[in-house]
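Per-entry structural report
As a plain string of letters, each chain reads:
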Amino acid sequence: MDDPFDLSDPPPPGRAPAAPAPAAPVEAPYLVGLNDSQRDAVEATEGPVLMLAGAGTGKTRALTTRLAHILVLGKARPWEMLAVTFTNKAAREMQNRVADLLGRPVEGWWVGTFHALGARIIRKHAEAVGLKPNFTILDADDQQRLVKQLLEAAGVDEKRWPPRTVLGVIQRWKDRGLTPEKVTDAEGSEVADGQALELYGQYQQRLKTLNAADFGDLLLLCLEIFQKQPEILKQYQQKFRYILVDEYQDTNVAQYLWLRLLAQGQQNICCVGDDDQSIYSWRGAEIGNILRFDEDFPGARVIRLERNYRSTPHILGAASGLIANNEGRLGKTLFTEEGNGEGERVRVIGVWDGEEEARTVGDEIEVLHSKGHALNQIAVLVRAGFQTREFEERLITLGIPYRVVGGARFYERLEIRDAIAYLRVIVQPDDDLAFERIVNVPSRGIGKVTLQTIHMAARAEGVSLTAAVRSLLETDELKPKMRNALGNLLEDFDRWRRQMDVLDHVDLAETVLDESGYTEKWQRDKSPEAPGRLENLKEMMVALGEFENLGGFLEHVSLVMDNEDNTNDDMVSLMTLHGAKGLEFDTVFLPGWEEGLFPHQLALDDAGLNGLEEERRLAYVGLTRARRRACVSYAANRRIYGQWQSALPSRFINELPPDHIDASVQPGLYGGTAGSGLEEEQAYFGNGASRAFKRRRAQPMIEATWRTADSGAGGGDFSPGQRVFHQKFGYGRIKSIDGSKLEIAFEKAGTKKVMAGFVEAV
DNA sequence: AGGTTAGTAATTTTT
DNA sequence: TTACTAACCT
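The rules behind each value
- Residues numbered from 1 in each chain as written.
- Chains lettered and ligands numbered in written order.
- Predicted model: local features only at pLDDT ≥ 70, side-chain atom pairs only at ≥ 80, totals over all residues.
- Heavy atoms only, no water.
- Helix = DSSP H or I, 4+ residues; strand = E, 2+ residues; numbered from the N terminus.
- Buried < 20%, exposed > 50% of the residue type's maximum accessible area, 1.4 Å probe, protein only.
- Contact = heavy atoms within 4.5 Å.
- Areas by Shrake-Rupley, 256 points an atom, 1.4 Å probe, with all protein chains shown as cover.
- Core = buried A, V, L, I, M, F, W, Y, C linked by side-chain atoms within 4.5 Å.
- Near = heavy atom within 4 Å.
- Polar contact = N/O pair within 3.5 Å; in protein donor to acceptor, adjacent residues only side chain to side chain.
- Nonpolar A, V, L, I, M, F, W, Y, C, P; charged D, E, K, R; others polar.
- Pairing = 2+ DSSP bridges.
- Axes fitted to C-alpha atoms, helices over the stretch in contact; angles between N-to-C directions.
- 1 Å grid on protein atoms, 1.4 Å probe; cavity = no way out; pocket = protein on both sides within 12 Å on 5 of 7 lines; lining within 4 Å.
- Points joined across faces, edges and corners; volume = space filled by probe spheres on them.

Time to look at the overall build of chain A. For chain A, the helix and strand inventory stands at 27 helices and 23 strands. Looking at the 762 residues of chain A, the share that counts as buried comes to 53%. Summarising the internal contacts of chain A: among those between residues at least 6 apart in sequence, 77% fall at separations of at least 24. In the structure as shown, chain A presents an accessible area of about 34100 Å², 49% of it carried by carbon and sulfur atoms.

Written as structure tokens, this is what we have:
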């Protein structure tokens with residue numbers, strides 16, 4: 001992941017300027033076969049354009065052709081183009097398809113995810129925002145641990161305010177482009193005993209100390225750079241002459257601001273999206289961004305892609321009828337090519353319980369399979385992950401191969417995260433979160449108490465944990481056993497760091513895992529998953545080998561968390577509706593359409609009508625994944641968390657236009673009337689609405705590990721001869737001072753070296 | 001310091 | 001129901 005060119009934009013050496021064709025021929029080959037609106041979208045290169053692309057309307061084709069077109073016309077050289085996506089997969093596809101269109105790879109253009117591009121910009125100007133260029137990008141787990149530490153220090157009850165909740169609040173602020181200074185006091189007042197805003201500030205402070213940024217920062221810090229240093233912004237503005245944004249309906253405020261700053265002046269920005277497929281508001285996506293586009297970019301052209309190449313008229317009719325129940329849409333009228341017949345109606349099946357639903361779907365799949373239907377053209381799309389289980393069990397029974405898409409990702413596995421933590425500490429000694437993760441893995445006898453001591457020392461001196469350990473080693477604060485263990489560990493670190501220059505990075509990683517005893521830990525482990533973990537570690541080494549250095553690998557790990565998809569294997573796909581966005585299958589099963597599950601009760605609780613509309617969009621996304629067959633189902637009874645619950649058919653079922661569906665209900669459900677209504681008195685999925693905002697009396701302050709030491713960094717407050725008190729050694733008199741380390745003659749414990757932060761004057 | 005047990009909570013998750 | 005965490009015991 002090197003950066004072959006810098007901001008000043010010299011053409012990549014040895015490469016001819018992207019041969020600008022002498023005016024595009026009237027009918028360039030790549031334009032053949034586009035429909036009128038697609039062609040419109042390709043040729044409207046100047047000024048702001050909103051490409052409203054409905055499901056299955058050939059969006060990617062239009063968008064990649066547009067990019068190729070700009071290059072062919074010579075309107076921009078590759079490095080003057082910026083193409084932003086949400087996923088690495090989408091970025092990769094864009095790159096490949098543009099290359100296909102042009103018949104050669106395009107090099108040097110900025111194509112990638114918001115986060116990857118943000119990271120790239122920040123690394124270049126890191127000092128401007130108080131980071132070193134080698135800053136760490138924290139993952140979700142790191143972030144949560146950090147918040148947890150802050151909550152503990154602030155004495156917030158973690159039962160009431162779980163770290164993930166508080167982290168969520170901080171992230172939503174970041175999504176909105178709000179730094180701690182910009183959040184209004186009132187906003188955090190309900191969260192974490194009113195300390196949310198303060199915690200946010202501390203969180204950011206910690207990140208700086210750790211030389212780290214989280215995902216939100218990858219955009220926020222860009223904004224900060226652009227604001228603080230307008231000349232840098234200007235360079236980028238001049239550089240990027242054509243900007244293209246995919247999945248615009250999923251952008252959050254920070255991303256919107258980022259784009260708007262970059263597009264200023266030039267305004268050749270093309271945003272592609274579909275308001276009806278906005279399903280990530282809970283992650284900060286602002287559907288308003290796409291709805292407001294023509295206000296934000298005056299004179300914008302809106303081009304609608306409405307001709308659907310994917311689904312049958314019945315499927316499209318059902319989906320369109322459903323989504324028509326939403327308000328505040330930009331509105332599109334999807335249509336299909338005529339002449340292919342109408343296809344099958346969308347089937348709607350009501351059954352007794354979840355097990356029967358799984359059995360029914362399984363049987364259907366079996367029939368399709370026996371007719372020669374490819375399994376990888378069949379998907380079961382569920383609302384929530386736990387729903388896949390019943391289908392898995394059924395498919396196993398039937399002997400039908402399947403894969404669960406999504407789920408645990410490679411780099412999130414315990415052993416991989418541990419291994420990476422070792423590498424992180426080596427590359428970036430200030431990375432406390434990584435240090436903490438592996439300081440006692442494998443077990444070195446360093447427990448809670450020792451770690452606490454290290455934390456206090458770090459806090460007192462305002463340094464990283466590694467540095468604090470270094471200081472502590474020169475004192476008598478630690479028990480000899482600990483001092484020995486930590487001393488060895490630090491020696492190891494130092495040695496590995498030295499080897500970074502001489503050893504190949506794969507060899508180094510192997511050395512580290514070997515000498516640290518980490519590999520051995522799993523070799524000795526007798527649990528059934530241990531061999532798999534060792535396999536994964538080997539696998540990681542292979543991945544590591546594909547990078548030039550450790551830094552590149554770590555960047556990849558942070559930013560490219562996607563699963564490899566083996567779409568080639570003939571297997572049924574089980575996945576969530578969210579996971580299915582952007583995919584298509586001949587046959588799609590949509591189980592669990594029940595009130596409370598879909599729409600999900602929590603979505604309604606949290607976001608009311610907006611929540612309902614987003615659930616409806618999710619249903620729309622589900623239906624429009626199907627090319628030829630869609631089958632919706634619901635169960636009258638379902639076991640959730642071991643409890644049987646009865647449920648009514650989803651209101652979405654009633655919203656499907658009768659002309660496009662074919663409903664069959666198992667006799668005996670709901671006293672014989674199917675989907676007859678949604679009586680309000682039913683309270684499904686029990687637990688009340690406002691769990692998130694319950695409060696409790698303030699907790700007594702936890703003995704502050706961090707709070708105490710804020711004042712006195714260094715040994716400056718002490719002088720020789722002074723009488724002091726130490727928690728462990730009692731009273732004594734200072735003999736000499738060496739920086740933050742004091743030599744003290746204790747009355748009971750004898751003469752010891754201790755950290756200044758651990759003693760108080762008496 | 002590490003293992004055991006009891007209590008609790010439980011969507012969606014492109015980076 | 002399961003899975004994870006925090007206090008608790010050894």
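As a further point, take the nonpolar core. Among the nonpolar cores identified, the biggest contains 73 residues, and Phe226 and Trp258 are the most heavily contacted of them. The element that contributes the greatest number of residues to this core is helix 8 (residues 215-228), accounting for eight residues. Discounting chain neighbours no more than four positions away, the residues touching Trp258 are Leu82, Val84, Phe114, Leu117, Gly118, Ile121, Leu219, Cys222, Leu223 and Phe226. Counting residues in hydrophobic clusters, the runner-up holds 53 residues, among them Ala421, Trp522, Leu544 and Phe547.

Glancing now at the protein's contact with DNA strand C. In the vicinity of DNA strand C, the contacting residues are Lys148, Glu158, Arg389, Tyr641 and Gly642. The side chain of Lys148 places a nitrogen or oxygen atom 2.8 Å from a phosphate oxygen of DNA strand C. One of the backbone nitrogen or oxygen atoms of Tyr641 is found 3.4 Å away from a base nitrogen of DNA strand C. Residues that form the surface near DNA strand C fall into these classes: one nonpolar, one polar and three charged.

A separate point is the environment of Ile400. Its place among the elements puts Ile400 in the loop between helix 15 (388-398) and strand 13 (402-404). Considered as a pair, Ile400 and Gly350 are 50 residues apart in the sequence and their alpha carbons are 23 Å apart. Other than its neighbours up to four places away in sequence, Ile400 contacts Gly362, Ile365, Glu366, Leu375, Leu395 and Val572.

Right, let's get into the sheet that holds strand 8 (residues 301-305). A sheet is described by the order of its strands in space; here six strands give the open sequence 3-2-6-7-1-8, paired in parallel fashion. Of all the strands in the sheet, the pair left with one neighbour each is strand 3 (110-113) and strand 8. In this sheet, neighbouring strand axes are inclined to one another by 15° on average, regardless of whether the strands run parallel or antiparallel. Bridge analysis of strand 1 (residues 49-53) against strand 7 (residues 269-273) gives four bridges, and the strand direction is parallel. From the neighbouring strand, Val49 faces strand 7, where its bridge partner is Cys270. Packed onto the sheet, helix 3 (residues 88-102) meets strand 2 (81-85), strand 3 and strand 6 (242-245) and runs at close to 155° relative to strand 3.

It is worth spelling out the pairing of strand 22 (residues 750-755) at this point. Bridging between strand 21 (residues 741-746) and strand 22 involves six bridges; their strand directions are antiparallel. From the neighbouring strand, Ala745 faces strand 22, where its bridge partner is Thr751.

Residues in close proximity to DNA strand B total 31 residues, the closest being Tyr280, Arg283, Arg409, Ser443 and Thr576. Of all atoms in DNA strand B that approach within 4 Å of the protein, 54% are sugar or phosphate atoms. A distance of 3.1 Å separates a base oxygen of DNA strand B from a polar atom in the side chain of Asp250. Here Ala603 contributes a backbone N or O atom positioned 3.5 Å from a base oxygen of DNA strand B. Broken down by element, the residue count for the surface near DNA strand B peaks at four residues, all from helix 26 (residues 601-623). Partitioning the surface near DNA strand B into residue classes produces 10 nonpolar, 12 polar and nine charged.

To continue, consider empty space enclosed by the protein. According to the stated counting rule, one finds two cavities of 30 Å³ or more in the structure shown. Empty space within the largest cavity amounts to approximately 40 Å³. Lining the largest cavity we find Arg66, Leu67, Ile70, Met81, Tyr242, Ile243, Leu244 and Asn268. Of all elements in the fold, only helix 2 (59-72) and strand 6 reach the threshold of two or more residues within the lining of the largest cavity.

Treat this as a map of the structure, not an account of what it does.
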